[in-house]
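Examination of the molecular architecture
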Amino acid sequence: MKYVSTRGEAPILNFEEVLLAGLARDGGLYVPERWPQLDAAKIASFAGRPFAETAVEVIHPFVGTSVGREALLEMSRDAYASFGHAAVTPLIQIDTNRFVLELFHGPTLAFKDVAMQLLARLMDHVLQKRAGRATIIGATSGDTGGAAIEAFRGTSNVDVFILFPDGRVSDVQRRMMTTPSESNVHAIAVRGTFDDCQALVKGMFNHHAFRDRVQLSGVNSINWARIVAQITYYFVAAAALGSPHRRVSFSVPTGNFGDIFAGYGAKRMGLPIDRLVIASNENDILPRTLESATYETRGVVATTSPSMDIQVSSNFERYLYEASNRESSGVRRQMDSLKQAGRFELEGQVASAMRVDFAAASAGEDDVARTVRKVLEDSQYLVEPHTACGVHALKYCLNDSDQTVPQVVLATAHPAKFPDAMEAITGQRPKLPERLKSLMSDKERFPVLDNDQAVIETYIENNARAGTDNHA
Ligand SMILES: *Cc1c(COP(=O)(O)O)cnc(C)c1O
């Protein structure tokens, strides 16, 4: 399988190269040259099958000859063995024909583990084959950093450095990054804000000598391998509910548009998805875009669903490219306009395609609290704030749809990840799952460094194995 950039001016790469590259050199995002097709018999065969096996069926067509099928199966089994539920992503019924797909049984209790656990193994495998090493750096406001550190702990060829703002992440989030003891994973507290951390990461990527010396790589949400790994659970859930003979709708708590783009990908591969619902919090750029055909940034507001507090949805660029019949010149124009003016207009054809492919709704903080209490009261089931946005959006988007079509809300995090917000809404503090009970007492390890690029770079060079010979 070959990959092309949404901006049309970067080299065409294979899976392995895309995995290591992250962002394309022209600033665009990589997409597959075509969508592999899974026929009805194949989709039907996923019902009752182990998650790790279905993952291989879904993912291998995107990987091509880069990674063998057997090797992929081994990585997939290993990745999903780290989950605290044998089904990996179980479906829970909360109402007549309404289900929650629990994506939070991974080591850091959020859906990002599903992709990150596999991505880490793929990267390590590919680097092993090439006798190469990589250094991953990232900035986190909480969730992604923990998922990356958990996924890469102990890998042979990759070192990970995650910058987080000192004193500004929750205790649970910090401990998930600072308690793993493997010497290849490093959390660094920076005396500054999340924006400072992001600026440092950007600065290091732009410092080419440093970048080459330590062989920098990224695992943020635009990495294509993360999207691919998320396609699996749409197939798993739909097959369990009767696909291919039955259509299924999904409501997806959305920030960077990665998770919902994976749903769109599943549909393009032949999964009979009825509606795909974009569920936002008060940061509602996508619902506004669907309504007005204008994509326009506004300031970010802080909510109880922080992983969706975003100003721009980076992966939306991939949809723009698909919906404009792969017109990269238009995408380039729109992304320029976004950079210059903070906005762009959708072309007529894209605006109408978007209304066919998606529905969208946003939830205010009151809606979130009301929804959490209502689901608890009606179904004795606890959803956290991101998932509550997904439940809320159903009411607006699927009210008049065919009620025989099952509705699946993606549960993107475990309630225990947001104990303060949950306590404020329900009066109860949710407990961490049993397997994480030592988290709050395990020994932490992290330096606190100044908000100074040279200081951080020195720390990384002294602790990374890539580009040095001291790893022998
Ligand atoms: C990252 C995240 C989201 C948003 O996912 P995108 O792929 O960025 O749209 C939603 N909920 C939780 C809990 C997350 O961590």
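Residue numbers restart at each chain and count upward from 1, following the sequence in its written direction. Local features in a predicted model are, by the rule used here, given only for residues with pLDDT of at least 70; side-chain atom pairs are given and counted only at 80 or more, and totals for whole chains, interfaces and linings are based on all residues. Note: side-chain values were computed over all heavy atoms of the structure, leaving out hydrogens and water.

1. Here's the deal with the site of the ligand
Around the ligand lies a shell of 15 residues, among which K112, G255, N256, D259 and T412 are the nearest. Definition of a polar contact: a pair of N or O atoms within 3.5 Å, with one able to donate and the other able to accept a hydrogen when the atoms are protein atoms, and with sequence-neighbouring residues admitted only if both atoms are side-chain atoms. Taking G258, its main chain carries an N or O atom lying 3.2 Å from an oxygen atom of the ligand. Between an oxygen atom of the ligand and a side-chain N or O atom of S307, the distance comes to 3.4 Å. If the ligand stood free it would expose 390 Å²; the protein chains cover 96% of that surface. Along the lines of polarity and charge, the residues of the shell around the ligand split into five nonpolar, seven polar and three charged. Whether a residue is near a molecule or strand is decided by its heavy atoms; if any one of them lies within 4 Å of it, the residue is near. We get accessible surface area from the Shrake-Rupley algorithm with a probe of 1.4 Å; when it comes to residues, only the shown protein chains can shield them. Each residue gets one label: Ala, Val, Leu, Ile, Met, Phe, Trp, Tyr, Cys and Pro are nonpolar, Asp, Glu, Lys and Arg are charged, and the others, such as Gly, are polar.

2. Focus: the sheet that holds strand β2 (residues 13-14)
One bridge is not enough; two strands pair if DSSP finds at least two bridges between them. Only runs of H or I of at least four residues qualify as helices and only runs of E of at least two qualify as strands under DSSP, and these elements are numbered from the N terminus. One open sheet holds the three strands; their spatial order is β2-β1-β3, and the pairing between them is antiparallel. Of all strands in the sheet, those bounded by a partner on one side alone are β2 and β3 (30-32). Across three bridges, the pairing between strand β1 (residues 2-5) and β3 is antiparallel. Bridge pairing in β3 links Y3 to P32. Working rule for contacts: check all heavy atoms of both residues, and any pair within 4.5 Å makes them a contact. Fitted lines through C-alpha atoms give the axes, limited to the stretch in contact for helices. The angle between two N-to-C directions lies from 0 to 180 degrees. Together, β1 and β3 form the strand contacts of helix α13 (residues 316-323), whose direction differs from that of β3 by roughly 50°.

3. Re unusual backbone geometry
Each neighbour pair has its own omega, and for S243 with P244 the value is 10°, a cis peptide bond. Looking at where P244 falls in the secondary structure, it is placed in the loop between α10 (224-240) and β10 (248-253). Phi is positive for V88, which is not a glycine, with a value near 65°. You can see V88 is positioned in the loop between α4 (69-80) and β4 (91-95). With a phi angle near 65°, R326 is a residue other than glycine that sits in the positive phi range. Within the secondary structure layout, R326 lies in the loop between α13 and α14 (328-341).

4. Observations regarding the side chain of D367
Looking at where D367 falls in the secondary structure, it is placed in helix α16 (residues 365-379). There is a polar contact of 2.8 Å between the side chain of D367 and the backbone nitrogen of G364. In contact with D367, not counting residues within four places along its chain, are S362 and H392.

5. As for the environment of F250
Within the fold, F250 resides in strand β10. Its relative accessible area of 0% is what places F250 among the buried residues. In contact with F250, other than residues within four places in its own chain, are Y234, A237, A238, I273, R275, L276, V277, V408 and L410. Each residue's exposure class comes from its accessible area (1.4 Å probe, protein chains only) as a fraction of the maximum for that residue type: buried when under 20%, exposed when over 50%, partly exposed otherwise.

6. A closer look at the sheet that holds strand β15 (residues 407-411)
In space, the six strands of this open sheet follow the order β4-β5-β15-β10-β11-β14, with mixed pairing throughout. For this open sheet the edge positions go to β4 and β14 (358-362), each flanked by a neighbour on one side alone. Ignoring strand direction, the axes of neighbouring strands in this sheet form an average angle of 25°. In the sheet, strand β11 (residues 273-280) pairs with β14 via five bridges, with the strands oriented parallel. When the bridges of β14 are listed, A279 appears paired with A361.

7. With respect to the pairing of strand β8 (residues 185-191)
Of all seven residues in β8, six are buried, a share of seventy percent or more. When strand β7 (residues 158-165) meets β8, the two strands line up parallel, connected through six bridges. Residue pairing across strands places P165 opposite V190, the latter belonging to β8.

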